[in-house]
Amino acid sequence: MVVAEKGVAPMPRREAVLERLGAFGPPEPYRIKMVEPVHRSTRAEREAQLAQAGYNLFRIPAEQVWIDLLTDSGTGAMSSGQWAALMQGDESYAGARSFYRFEATVREVFGLPHVIPTHQGRAAEHLLFGELVRPGQKALANTFFDTTRANAEQAGAQAIDLPSPMASEQVAPFKGDVDLDRVAAVLRSSPGEVAAVVLTVTNNAAGGQPVSLANIRETRDLCQQHGVPLVVDASRIAENAFFIKEREDGWASAPVAAIVGAIGECADVISMSAKKDGLANIGGFLALRDDALAERIRRRMVVTEGFPTYGGLAGRDLEAIAVGLREALDEAYLAHRIGQVRFLAVLLRDLGVPLLEPPGGHGVFVDAGAFLQHIPRERFPGQALAIALYAEAGVRSCEIGSVMFGADSGSRRPELVRLAIPRRVYTEAQLALVARAFASLQEKLASVRGVVIVEQPPVLRHFTARFAPV
Ligand code: F0G
């Protein structure tokens, strides 16, 4: 019998371990103090749930879901620092201490003087566009997120997406940029008719792709030349700043906080859903430079949102956001966060699952149209994939394609499924399980069937429509 030398593993195994270790991303800069059990259902249970939910994942009770990648919005885990801050909440109706803390943090992080809390991002958009837009004007953006578009349109604006031509390239560092030539052309040809230019950073609707600081600064210059306000939708600004540090010339040694400050410097208005890079479960805000505009918004909000020092939030929520905004700028946190998205993307890419490349900041976007080539657009390949993934492994994702945008949204829009990763919630073993589910699906692709819509509301149909497999 041959006895292995004590303490030294045979070389081939060592190499294999090193390769496996290389697959992990940067480590969690935290340890876990509180856990929440998740439910592991059987396939039969999931198939019954799907049928009952009309094959719409928004209708599935969250308790049934094993791994919930529906959204990264409001689904993150708060830190011990945030939970401690909650207890400091001052619930006074007007002028609460918590408001002043929140205001000081937002001013410090973004550098704009007027800070107006709102209950979430879309409430900030509603107030802003209500004051900014004259009916019939245009609003331009790298790409409007759907609530931003809805609020601009409700205020009477024509919302126009002008993504950079880079967005349709295979791989580019800043696919979230706005098309400066087209912005300049519209501003020149429509004097007085553009209410605002919006930069969504990162660009959620375009796959969580970042916007470069050069693009933000040039947009600011164009806006200044034409006297049009630049609105930055800062919902994922920390992730965007991390990409700038990684990819844009001249920023490698700058702290992420300084990059966020440099973006804030360009903005006339910051609109933010704090449910993303505020690391909070609810909340949002506007930060503005214009005294008169801020005053008009404060007057308007009392009717629907609340007094200007709480804006629909509890004092404790303001405290949690104030702490969360700073934690989101921590570079070890961001390296781990973006690393998790990349970890999942690498597993899927190596399996041969077609993805939007490079992966964005808050999730992996699977090209369902390319993955399920046997399912035509009219049979909703994105929805079919989201359903199959849920049936396979209890993983909930979100269709971003013809169901969400409507069949008339142009035949060049890809049929995507977003695997949005909540912040500080799942481990790499859980993400590996998602990849395993895709590997299983690959073995039975032909059995994945398309769907038809059997019932739908007139607007935002993806939330409530019912489907049936064909
Ligand atoms: N702006 C962007 C870029 C967003 O992604 C969202 C929400 C909002 C504004 C609206 O903020 O939800 O606080 O009212 N995005 C979520 C998502 C819903 O799943 O991507 P909210």
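Note on numbering: residues in each chain are counted from 1, in written sequence order. Where local features are concerned, this predicted model is filtered to residues with pLDDT of at least 70; where side-chain atom pairs are given and counted, the filter is 80 or more; whole-chain, interface and lining totals use all residues. Each side-chain value is derived from all of the structure's non-hydrogen atoms; neither hydrogens nor water enter the calculation.

**A few points about the sheet that holds strand S9 (residues 363-367)**
If DSSP finds at least two bridges between two strands, the strands pair. Under the DSSP-based scheme used, a helix requires at least four consecutive residues in state H or I and a strand at least two consecutive residues in state E, with every element numbered from the N terminus. Taking strand neighbours across the sheet as the criterion, the 3 strands line up as S9-S12-S11 in an open arrangement whose pairing is antiparallel. Looking at the sheet topology across the chains shown, the edges are occupied by S9 and strand S11 (398-400). When strand polarity is set aside, the average angle formed by the axes of neighbouring strands in this sheet is 30 degrees. Note that S11 and strand S12 (residues 416-420) share 3 bridges and pair antiparallel. The residue bridging Cys-398 from the neighbouring strand is Arg-418, located in S12. With respect to the sheet, helix H15 (residues 381-393) is in contact with S9, S11 and S12, its orientation differing from that of S12 by roughly 40 degrees. Lines fitted to C-alpha atoms define the axes here, with helix axes fitted over just the stretch in contact, and angles between the N-to-C directions of these axes take values from 0 to 180 degrees. Only heavy atoms enter the contact rule, under which two residues are in contact if any of them lie within 4.5 Å.

**Remarks on helix H12 (residues 315-327)**
With 13 residues, H12 extends 19 Å from end C-alpha to end C-alpha; this agrees with the ideal 18 Å at 1.5 Å per step. Exposure categories follow from relative accessible area, calculated using a 1.4 Å probe and restricted to protein chains: below 20% of the type maximum is buried, above 50% is exposed, and the middle band is partly exposed. For H12, every residue scored as buried is listed here: Gly-315, Leu-318, Glu-319, Ala-320, Ile-321, Ala-322, Gly-324 and Leu-325. As for H12, its buried residues are in contact with helix H3 (80-86), helix H4 (97-110), strand S2 (114-118), strand S7 (269-273) and strand S8 (284-288). Expected span, for any helix, means 1.5 Å times one less than how many residues it has.

**Examining the sheet that holds S8**
Read across the sheet, 7 strands follow the order S2-S8-S7-S6-S5-S3-S4 without closing on themselves; strand pairing throughout is mixed. Only two strands of the sheet have a single neighbouring strand rather than two, namely S2 and strand S4 (158-161). Strand-to-strand twist of the sheet, defined as the mean angle between neighbouring strand axes without regard to direction, takes the value 20 degrees. Note that strand S6 (residues 230-233) and S7 share 3 bridges and pair parallel. Within the sheet, the bridge partner assigned to Val-231 lies in S7 and is Val-269.

**With respect to the site of the ligand**
The local shell around the ligand holds 17 residues, among which Thr-71, Arg-122, Asp-233, Ser-273 and Lys-276 are the closest. Pairing of N or O atoms within 3.5 Å defines a polar contact, subject to two protein rules: one partner must be a possible hydrogen donor and the other a possible acceptor, and residues neighboring in sequence count only if both atoms are side-chain atoms. Within the backbone of Gly-121, one N or O atom sits 2.9 Å away from an oxygen atom of the ligand. A distance of 2.6 Å is found between an oxygen atom of the ligand and a side-chain nitrogen or oxygen belonging to Arg-122. Protein contact buries 92% of the 470 Å² of open area that the ligand shows by itself. Sorting elements by how many residues they give to the shell around the ligand places helix H5 (residues 121-132) first, with 3 residues. For this purpose, a residue is taken to be near a molecule or strand whenever a single non-hydrogen atom of the residue falls within 4 Å of it. Only the protein chains shown count as cover for residues, with accessible areas throughout obtained via the Shrake-Rupley method and a probe of 1.4 Å.

**Brief notes about the side chain of Asp-179**
Position of Asp-179 relative to the elements: it lies in the loop between S4 and helix H7 (180-189). Judged by its relative accessible area of 10%, Asp-179 is buried. There is a polar contact of 3.2 Å between the side chain of Asp-179 and the backbone nitrogen of Asp-181.

**A word on the pattern of salt bridges**
The rule for a salt bridge is simple: a side-chain nitrogen of Lys or Arg has to be within 4 Å of a carboxyl oxygen of Asp or Glu. Throughout the structure, instances matching the rule amount to 28 salt bridges. Here Glu-153 makes a salt bridge to Arg-149, at a shortest N to O gap of 3.0 Å. In this pair, Glu-153 and Arg-149 both sit in helix H6 (residues 146-154), 4 residues apart, roughly one turn of the helix. Relative accessible area serves as the criterion here: at 39%, Glu-153 is assigned to the partly exposed category. The class for Arg-149 is partly exposed, based on a relative accessible area of 25%.

**Focus: the packing of aromatic side chains**
A pair of aromatic rings is counted whenever rings of Phe, Tyr or Trp (Trp by its six-membered ring) have centres within 6.5 Å, and the orientation is called stacked for planes under 30 degrees apart, edge-to-face for over 60 and tilted otherwise. Under the definition given, this model contains 8 aromatic pairs. Measuring from centroid to centroid gives 6.4 Å for Phe-24 and Phe-343, while their planes differ by 15 degrees, and the two rings are stacked. Placement of Phe-24 in the loop between helix H1 (11-22) and helix H2 (43-52) and of Phe-343 in helix H13 (residues 331-351) is noted, with a sequence separation of 319 residues between them. On the basis of relative accessible area, Phe-343 is assigned to the buried category, the value being 10%. Taken together, the ring pairs in this structure connect Tyr-93, Phe-307 and Tyr-310 into an aromatic cluster. The ring of Phe-405 carries Arg-413 above its face, with NZ or CZ at 3.7 Å from the centroid. A ring is scored as having a charge over it whenever the NZ atom of a lysine or the CZ atom of an arginine sits within 6 Å of its centre and within 35 degrees of its normal.

**Side note on the nonpolar core**
Only buried Ala, Val, Leu, Ile, Met, Phe, Trp, Tyr and Cys residues count toward a nonpolar core, and they belong to the same one when joined by side-chain atoms within 4.5 Å. One finds Phe-110 and Ile-270 to be the most contacted residues of the largest nonpolar core, which totals 61 residues. Domain boundaries shown here were taken from an automatic or database domain assignment. Looking at which domains feed residues into this core, each of domain 1 (21-72 + 330-469) and domain 2 (80-327) supplies at least three. In contact with Ile-270, other than residues within four places in its own chain, are Phe-110, Leu-112, Val-232, Ala-234, Gly-264, Phe-285, Leu-286 and Ala-287. Judged by nonpolar contacts, the second largest core, of 34 residues, contains Val-341, Leu-344, Val-395 and Leu-433.

**Examining the domain arrangement of the chain**
Split into domains, the chain comes out as domain 1 (21-72 + 330-469) and domain 2 (80-327). Domain 1 and domain 2 are separated by 27 Å when their C-alpha centres are compared. Counting residues at the interface gives 23 residues for domain 1, matched by 30 residues for domain 2. Put simply, buried area is the surface a 1.4 Å probe can reach on two separate parts but cannot reach once they are joined, added for both. Buried area between domain 1 and domain 2, both sides added, is near 2,100 Å², and the carbon and sulfur share of it is 52%. When the buried area of domain 1 at its contact with domain 2 is split by residue, Glu-331, Leu-334 and Pro-358 rank highest and sum to 24% of it. The interface formed by domain 1 and domain 2 contains 7 salt bridges. Among the ionic pairs, Asp-277 bridges to Arg-423, the shortest N-O distance being 3.2 Å. At the surface where domain 1 touches domain 2, the tally comes to 15 residue pairs in polar contact (both at pLDDT 80 or more). By residue number, the principal contributor to the side of domain 1 that touches domain 2 is H13, which donates 7 residues. Taken together, the residues of the side of domain 1 that touches domain 2 break down into 9 nonpolar, 4 polar and 10 charged. Residues are grouped as follows: Ala, Val, Leu, Ile, Met, Phe, Trp, Tyr, Cys and Pro are nonpolar; Asp, Glu, Lys and Arg are charged; every other residue, Gly included, is polar.

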